[in-house]
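Spelled out, the chains give:
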Amino acid sequence: QVQLVESGGGLVQPGGSLRLSCAASGSIFTIYGMGWYRQAPGKKRDLVANIARAGRTNYADSAKDRFTISTDNAKNTVYLEMKSLKPEDTAVYYCNADVVTTDWATNNYWGQGTQVTVSS
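The text that follows walks through the structure, step by step, so that each part is easy to find. (Residues numbered from 1 in each chain as written. Predicted model: local features only at pLDDT ≥ 70, side-chain atom pairs only at ≥ 80, totals over all residues. Heavy atoms only, no water.)

So, on to empty space enclosed by the protein. This structure, assessed with the given rule, holds 1 cavity of 30 Å³ or more. Reported here for the largest cavity is a volume of approximately 60 Å³. In this structure, the largest cavity is lined by I31, Y32, G33, M34, I51, A52, R53, T71, N73 and N76. Elements with a contribution of two residues or more to the lining of the largest cavity: β4 (28-39) and β5 (46-52). For the lining of the largest cavity, the class distribution of residues is 5 nonpolar, 4 polar and 1 charged. (1 Å grid on protein atoms, 1.4 Å probe; cavity = no way out; pocket = protein on both sides within 12 Å on 5 of 7 lines; lining within 4 Å. Points joined across faces, edges and corners; volume = space filled by probe spheres on them. Helix = DSSP H or I, 4+ residues; strand = E, 2+ residues; numbered from the N terminus. Nonpolar A, V, L, I, M, F, W, Y, C, P; charged D, E, K, R; others polar.)

So, about the packing of aromatic side chains. All told, the structure shown has 3 aromatic pairs when counted by the stated rule. Arranged with centres 5.0 Å apart and planes meeting at 65°, the rings of Y37 and W110 form a pair that is edge-to-face. With Y37 in strand β4 and W110 in strand β10 (residues 106-110), the pair connects residues that are 73 residues apart, well separated along the chain. Given a relative accessible area of 22%, Y37 falls into the partly exposed group. Feature note: the residues Y37, Y94 and W110 constitute an aromatic cluster, connected by ring pairs. (Phe/Tyr/Trp six-rings, centres within 6.5 Å; stacked < 30°, edge-to-face > 60°. Buried < 20%, exposed > 50% of the residue type's maximum accessible area, 1.4 Å probe, protein only.)

Quick look at the side chain of T30 now. Relative to the assigned elements, T30 resides in strand β4. Taking relative accessible area as the criterion, T30 reaches 18% and is therefore assigned buried. For T30, the residues in contact, after removing those within four places along its chain, are R53, D98, V99 and V100. (Contact = heavy atoms within 4.5 Å.)

Bringing the layout of surface pockets into the picture now. When its volume is computed, the largest pocket comes out at roughly 180 Å³. If you trace the largest pocket, you find it lined by R38, A40, K43, K44, D46, L47, V48, A60, S62, E88, T90 and A91. Residue contributions to the lining of the largest pocket peak at 3 residues, all from β5. A class-by-class count of the residues in the lining of the largest pocket yields 5 nonpolar, 2 polar and 5 charged.

In this section: the sheet that holds strand β1 (residues 2-7). The sheet built from 4 strands is open, its strands ordered β1-β3-β8-β7 with antiparallel pairing. What marks the edges here is a single partner per strand, and that holds for β1 and β7 (67-72). Taken over all neighbouring pairs, the strand axes of this sheet differ in orientation by 15° on average, direction set aside. Taken together, the 6 bridges between strand β3 (residues 18-26) and strand β8 (residues 77-82) define a ladder with antiparallel strand orientation. Counterpart to C22 in the pairing with β8 is V78. (Pairing = 2+ DSSP bridges. Axes fitted to C-alpha atoms, helices over the stretch in contact; angles between N-to-C directions.)

Now the structure itself:
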């Protein structure tokens, strides 16, 4: 019913920047909130940042002062601007959204993930 499609990952040198995008589509009535998680090899999936529809944001300590989450509610799209990237930011980044669909059901959805590799 709902698809989340991420884009913008890739290989970047330490200190560089990347901008991730995630567009939600399908039978969407409204989206309560969207967020980004990441999972490095051998580690659990952790929250990077999330944002409520009204704009309130929440960041993991590792993302504060370097990453910025934002949304375009009209496009059902969430962005993650990442600066001053470090090798430890290397992970698969997943988009997540709490969606009310047109049948009035509320569910949580995940994207397929996009690889971010920070290496020289």
